[in-house]
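# Understanding the architecture of this molecule
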Amino acid sequence: MERDLSEKNPPEKQLSNNSDSSDNEENATNITTNLNANHHDHPETETCDQLVSQSPKAGVKVEESDNTRHEIEEVHHEEKENEEKIGDTPPPEIHYTLETVSQDIDQFITTLSATPKDAKETIVEEEKDEKAPMEIPVFVEKFLDLVEEKVAKHELNEGKGKWGQNPEEDSSFLEAVNRISKLTSSLDGLRSDPNHAALISRIGGIQQRAMACLEDEFRFTLEDIKHNDQDPNTDAKGKQHEADRCVLPESESAETDNFLGYSDDAVSKLNRIAKEMIGGGFESECCHVFMMIRGHAFDECFAEIGFEKISIDEVQKMQWEALEREIPLWIKAVKEYASIYFVKELKLAEAVFSNYSSISSSLFSNLTRSVLIQLLNFAEAVAMTKRSAEKLFKFLDMYETLRDSLPAMGALFSEEYENELKTESTTARCRIGEAAICMFCDLENSIKSDTGKTPVPGGAVHPLTRYTMNYLKYAGEYIATLEQVFREHSKIERADSTSRPRYESESQNFNNDNDEENQSPFSNQLVRVMDLLDSNLEAKSKLYKDIALSCIFMMNNGRYIVQKIKGSTEIRQMMGDPWCRRKSSELRNYHKNYQRETWSKLLGCLGHEGLQVNGKVIKPVLKERFKSFNVLFDEIHKAQSSWVVSDEQLQSELRVSITAVVIPAYRSFMGRFSQYLTPGRQTEKYIKYQAEDLETYIDELFDGNSASGARKRP
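Owing to the predicted nature of the structure, the values given are computational and were not obtained by experimental measurement.

### Digging into the overall build of the protein chain
Along the backbone of the protein chain there are 29 helices and 2 strands. Relative to its 714 residues, the protein chain shows a buried fraction of 43%. Long-range contacts, defined as pairs at least 24 residues apart, comprise 80% of the intrachain contacts of the protein chain with a sequence gap of at least 6. Carbon and sulfur atoms provide 49% of the accessible area of the protein chain, an area that totals close to 38,500 Å².

Quick look at the structure:
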């Protein structure tokens, strides 16, 4: 009977017969679940009674249904209250500031950085498969909004030099840029995820704008050079003349200015900007700005020194007079750059890029290389110009500059660049040295080619002698350099030289007593020049018909040579004392020959031979002797008064020696024979000079006067 009833009733109606209280609770739970799941789909006017009336349990076990209904009503009431709260009262918004959100960003970056890159890529792949993108916190967007606002503010101040007025704001901007760079790097693994493409693109755009601001400020700071010696009388805008941007520092300012006119604050700012730009992947932009600005600064230094950029072709087309004016400026530029600017430029690069030693070294090397190439090209261009002896000393100045200045810079460069610099500077120095040797050796050919047939009037010092000895005197000031040049380039031979091999032993012609000098290539060359000059002068002396004048010519030139040698300690040491003694001996011989050719004939008139016969003076012969003496002395005085002895000491020596020979002999002759002449007309006619008169006239010799004859006795 009971089985039949159960078969007739539907399953839901068996609730009152077969279910206990737990079944009722389960049904209530199911209904609540359906309600929560679909409460958005039902109208809020729907009541709990309606839900219950639709239940098949209505009218069955009312007590249990009432309990269930009560529970359902409570749940629904609670859900409704929650919905009302959500709909009517929005949740409080979080107020973000750059300072507060930066802490969240730092934590987020730390978390991302802790995840290996390959793990991030795996996550991205899983996201693609599951179609569930990696969640990016809301504060990231807020951070980007705040940074973008700060970047926009800096863009408005672009080029106005606002940096430095608010250090806290500057630091805040740099820190924000640093976080943007780190965020970009941390999210790099999500770059291929299309779900984050917009965010990655936005971060990159903000970084680009921020780096552009930093680049502009980096450029502005580099261009804004201030000098310790800045003229206080600048104009109202605080501007200076363009040349003042690279004022050559004096010794005092060179000590205090460590960064070529940049203040410590400016260098510190440049360092911070460079660090952020390089750390953010903008190394090339940062380095390009630094190279460009500092390269312009070097160009301005050239302009301040006065040295212009001249191409090799332009150098070779220049007249020597113009080129000669450029060489001292070039020397000054090399010395200034080597001793001051390169040292300070390295300090500046190391300070600005203190976190990146390889970058600072590379920038410094590239900057200085462009300057050095320009300077070395000028030296090589000068070395290729037409050579002549008068250019020697400018070439030696350049040689010394390259020798002394450039090697001192070796410590500033890396080993590789130092070797390259050494090679290039040595090449330029060698070319200058080779040219200098050829110029000095040209002196030989200059002497040999001087074959003029016109004697110098008055037996004076020949222009060739003056030129050669003054040339050697100036060369004495470069004696150490010439020694070095000749030793280092002793194998150089001039194709057009007519001299013998330059450095062979020539002891048969030169001084054998000075072996040390003979071992010196330059000493051998110097001795050869002197011997060639002597030979040339000897040939020129034969152009004079008067042997006495020929002797005066050789004495004049010989004395000039000796005095120049003695006046140069370096050349005298090079020639040696034996050479000087030999030269002095030659001068004494010329002096003796002069006296023999001139005054011996005059003294012959004062001889006693033939004046007496059987103890009696023959007056006609005596008269002829006085007459011959007067005529000969007049001729000598007339001629030799026009002769030239410019060396006062030699002139005095000649006059003293003549007086010592002539006056005693004349006085003796007068004292013995003047009494044999009849006083009066005969005495006045034949005794034309007194001894004192002769002394006066002798003192008039070698003055270069063109007097017609001896003055008559008053």
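### A closer look at helix α29 (residues 691-698)
Buried within α29 we find A691, D693, L694, Y697 and I698. Along the axis of α29, the buried positions cluster into a sector of 155 degrees, meaning they face one direction only. Buried residues along α29 sit against α26 (619-640) and α27 (648-673).

### Some points on the nonpolar core
Ranked by internal contacts, the top residues of the largest apolar core, which has 179 residues, are F218 and Y594. Contact partners of F218, with chain neighbours within four places excluded, come to L270, I273, A274, C286, V289, F290, V352 and F353.

### Notes on the environment of K566
Within the element layout of this structure, K566 appears in helix α23 (residues 547-567). Sequence separation between K566 and D577 is 11 residues, and the spatial gap between their C-alpha atoms is 9.6 Å.

### Regarding the packing of helix α15 (residues 320-352) against helix α16 (residues 357-383)
Interaxial distance between α15 and α16 falls to 11 Å at its minimum, and their mutual angle equals 170 degrees. With respect to each other, α15 and α16 are oriented roughly antiparallel. The residues of α16 that touch α15, namely those facing L323, E326, I327, W330, A333, V334, Y337, F342, E345, L346, A349 and E350, are S360, F364, L367, T368, V371, L372, L375, F378, A379 and V382. Looking at the contact of α15 with α16 residue by residue, the class counts come to 17 nonpolar, 2 polar and 3 charged.

### Re the packing of helix α6 (residues 98-114) against helix α8 (residues 138-156)
Between α6 and α8, the least distance of the axes is 9 Å, while the angle of their chain directions is 125 degrees. By the angle between their axes, α6 is oblique relative to α8. Here α6 runs over α8; the crossing is left-handed. Taking contact as the criterion, the partners of L98, V101, S102, D104, I105 and F108 in α6 are, on α8, F139, V140, F143, L146, V147 and K150. Split by residue class, the contact of α6 with α8 holds 9 nonpolar, 1 polar and 2 charged.

### Some remarks on the packing of aromatic side chains
All told, the structure shown has 29 aromatic pairs when counted by the stated rule. Between F290 and F353 the ring centres are 5.2 Å apart and the planes differ by 85 degrees, which places this aromatic pair in the edge-to-face class. One end of the pair, F290, is in helix α13 (residues 283-305); the other, F353, is in the loop between α15 and α16, and 63 residues separate them in sequence. Residue classification places F290 among the buried residues on the basis of a relative accessible area of 0%. For F353, a relative accessible area of 1% puts it in the buried group. Here the aromatic residues F298, F302, F307, W330, Y337, Y341, F342 and F378 are joined through ring pairs into a cluster of three or more.

### Focus on the pattern of salt bridges
Side chains carrying opposite charge are able to pair once their charged atoms draw close together. Here the structure, examined in full by the defined rule, presents 26 salt bridges. Note that E380 is salt-bridged to R431, the shortest N-O span being 2.4 Å. Highlighted residues: E380 in helix α16 and R431 in helix α18 (residues 415-449), separated in sequence by 51 residues. On the basis of relative accessible area, R431 is assigned to the partly exposed category, the value being 36%. Between R667 and E692 there is a salt bridge, with its nearest N and O atoms 3.8 Å apart. Here R667 is found in helix α27, whereas its partner E692 is found in helix α29, with 25 residues between them in sequence. The structure contains a network of salt bridges with shared partners spanning E148, R202 and R209.

### Brief notes about the side chain of S360
Secondary-structure assignment places S360 in helix α16. Contacts of S360, omitting those with residues within four sequence positions, involve A349, E350 and F353.

### Topic: unusual backbone geometry
Note: most peptide bonds trans; most residues except glycine with negative phi. For F702, which is not glycine, the phi torsion reads 65 degrees and is therefore positive. Among the structural elements, F702 can be located in the segment after α29.

### Some thoughts on the confidence of the model for the protein chain
Summarising the model, the protein chain shows a mean pLDDT of 77, and 72% of its residues fall at 70 or more. For residues 1-65, every residue scores under 50 in pLDDT, and the model assigns this stretch 35 contacts once sequence neighbours within four places are set aside. In the predicted structure, residues 227-256 sits below a pLDDT of 50 and forms 37 contacts with residues beyond four places in sequence or in another chain.

### Re the state of the cysteines
In this structure the tally under the stated criterion is 0 disulfides. Here C441 stays unpaired: no disulfide links it, and the sulfur of C438, its closest cysteine neighbor, is 6.7 Å away. Under the relative-accessibility criterion, C441 is labelled buried at 1%.

### Structural notes on the environment of Y417
Looking at the secondary structure, you find Y417 in helix α18. A relative accessible area of 9% means that Y417 is categorised as buried. On a C-alpha basis, the gap between Y417 and N366 in space is 9.8 Å, while along the polypeptide they are 51 residues apart. The contacts of Y417, once residues within four sequence positions are left out, are S365, T368, R369 and L372.

### A look at the side chain of N557
As for its position among the elements, N557 is in helix α23. Of note is the side chain of N557, whose polar atom sits 2.7 Å from the side chain of T465. For N557, the residues in contact, after removing those within four places along its chain, are A460, V461, H462, T465 and L537.

About the criteria used
- The residue count restarts for each chain, going from 1 along the sequence in the order it is written.
- Under the rules for a predicted model, residues below a pLDDT of 70 receive no local features and side-chain atom pairs below 80 are neither given nor counted, while totals for whole chains, interfaces and linings still include all residues.
- As a rule here, side-chain values cover all heavy atoms of the structure and leave hydrogens and water aside.
- Starting at the N terminus, helices and strands are each numbered in turn, a helix being any DSSP run of H or I of at least four residues and a strand any DSSP run of E of at least two.
- Relative accessible area decides the class of each residue, using a 1.4 Å probe on protein chains only: under 20% of the type maximum gives buried, over 50% gives exposed, and in between gives partly exposed.
- Here, two residues are considered to be in contact whenever any of their heavy atoms come within 4.5 Å of each other.
- Areas reported as accessible are Shrake-Rupley estimates using a 1.4 Å probe. Residue values count occlusion only from the protein chains shown.
- The arc refers to the directions leading from the helix axis to the C-beta atoms.
- Here the nonpolar core consists of buried residues drawn from Ala, Val, Leu, Ile, Met, Phe, Trp, Tyr and Cys, with membership extended through side-chain atoms lying within 4.5 Å.
- Geometry is summarised by axes, namely lines fitted to C-alpha atoms with helices restricted to the contacting stretch, and by angles between N-to-C directions that run from 0 to 180 degrees.
- Geometric relationships in this document are graded by angle, where less than 35 degrees denotes roughly parallel, more than 145 denotes roughly antiparallel, 65 to 115 denotes roughly perpendicular, and other angles denote oblique.
- The residue classification treats Ala, Val, Leu, Ile, Met, Phe, Trp, Tyr, Cys and Pro as nonpolar and Asp, Glu, Lys and Arg as charged. All others, Gly included, are polar.
- The crossing is said to be left-handed when, going from far helix to near helix, the turn is anticlockwise and less than a right angle, and right-handed when the turn is clockwise.
- In this scheme Phe, Tyr and Trp rings, the latter by its six-membered ring, pair at centre separations within 6.5 Å, and the angle between planes marks the pair as stacked below 30 degrees, edge-to-face above 60, and tilted otherwise.
- Salt bridges are identified by distance alone: a Lys or Arg side-chain nitrogen within 4 Å of an Asp or Glu carboxyl oxygen.
- Here pLDDT means the predictor's own confidence in every residue, given as a number from 0 to 100.
- Disulfides are defined as cysteine sulfur pairs within 2.5 Å.
- N or O atoms closer than or at 3.5 Å make up a polar contact, with two conditions inside protein: a donor-capable atom paired with an acceptor-capable one, and, for residues adjacent in sequence, both atoms drawn from side chains.

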